[in-house]
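If you want the building blocks of each chain, they are given just below.
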Amino acid sequence: MPSPTLPYVGNSLGFVLFHDMGNVFENSSDIWSSFFRIKQPHSYTCKDLNLEDQEQPHEHSSTGGAGTCSFNYFSHAVGLGARYHTPVGPIRLDFSYNLNPPIYPIIVDYSGGPARVGQAGHFNFFFSIGQAF
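Read on for an overview of the structure. Since the model is a prediction, treat every value here as computed from it, not as a measurement.

Regarding the sheet that holds strand E2 (residues 75–86)
1) Next: Read across the open sheet, the four strands follow the order E1-E2-E3-E6; overall the sheet is antiparallel. Both edges of this open sheet fall to strand E1 (13–22) and strand E6 (123–129), since each of them pairs with a single strand only. With strand direction ignored, the average angle separating the axes of adjacent strands in the sheet is 20 degrees.
2) Next: Note that E1 and E2 share 10 bridges and pair antiparallel. Its bridge partner being in E2, phenylalanine 15 is matched across the sheet by alanine 82.

Laid out in structure tokens, this is it:
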């Protein structure tokens, strides 16, 4: 969006609207077939907390991946960001809402807690200095 001219900061403050999408895929060939998938496939399998089931390697995996949970879909987030331009680069504050966060099994918890099902949060806040890549 065009930078407004404000008192004290001039036109150094700008705002952005954004959409972000991505995920980590087990095989590179899964990316294109998952492009229009917006829900986590077979998410009920992510609720399987049996260690033996989660350690079973997939025969179709090029990475030797294991587990019953599938992440072959695109997670989408929409958000609003603010940019303050400084001599060393912009200071960036971003707030986003994840439309379809994944769920996943947590089998090993290093704090000693029991196995449980985790879910990424809907709301995210990011702070960074410098240009986005």
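Now, onward.
Observations concerning the side chain of arginine 92
1) Next: Structurally, arginine 92 can be placed in strand E3 (residues 89–98).
2) Next: One buried charged residue, arginine 92, forms no salt bridge at all, with the nearest opposite charge on aspartate 94 at 4.4 Å.
3) Next: Polar contacts involving the side chain of arginine 92 include one to the main-chain carbonyl oxygen of glycine 130, which spans 2.9 Å.
4) Next: Discounting chain neighbours no more than four positions away, the residues touching arginine 92 are Ala82, Arg83, Phe126, Phe127, Ser128, Gly130, Gln131 and Ala132.

Reading the values: rules and limits
Counting starts from 1 at the beginning of each chain's written sequence and moves along it residue by residue. pLDDT decides what is reported in this predicted model: residues at 70 or higher carry local features, side-chain atom pairs at 80 or more are listed and counted, and totals for whole chains, interfaces and linings draw on all residues regardless. Note that the side-chain values use all heavy atoms of the structure and ignore hydrogens as well as water. Whether two strands pair comes down to DSSP finding at least two bridges between them. Secondary structure is summarised from DSSP: a helix means a run of H or I of at least four residues, a strand means a run of E of at least two, and numbering begins at the N terminus for each. To get an axis, a line is fitted to the C-alpha atoms, and for a helix only the part in contact is used. The angle between two axes follows their N-to-C directions and goes from 0 to 180 degrees. Buried means the residue's accessible area, taken with a 1.4 Å probe over protein chains only, is under 20% of the maximum for its type, while exposed means over 50%, and partly exposed covers the values in between. Only four residue types enter the charge count, namely Lys and Arg as positive and Asp and Glu as negative; His and the chain termini do not. Counted as salt bridges are all cases of a side-chain nitrogen of Lys or Arg within 4 Å of a carboxyl oxygen of Asp or Glu. Whenever two N or O atoms come within 3.5 Å, that pair is a polar contact, provided that in protein one can donate a hydrogen and the other can accept it, and provided that, for residues adjacent in sequence, both atoms are side-chain atoms. The contact criterion used is simple: two residues touch if any of their non-hydrogen atoms lie within 4.5 Å.

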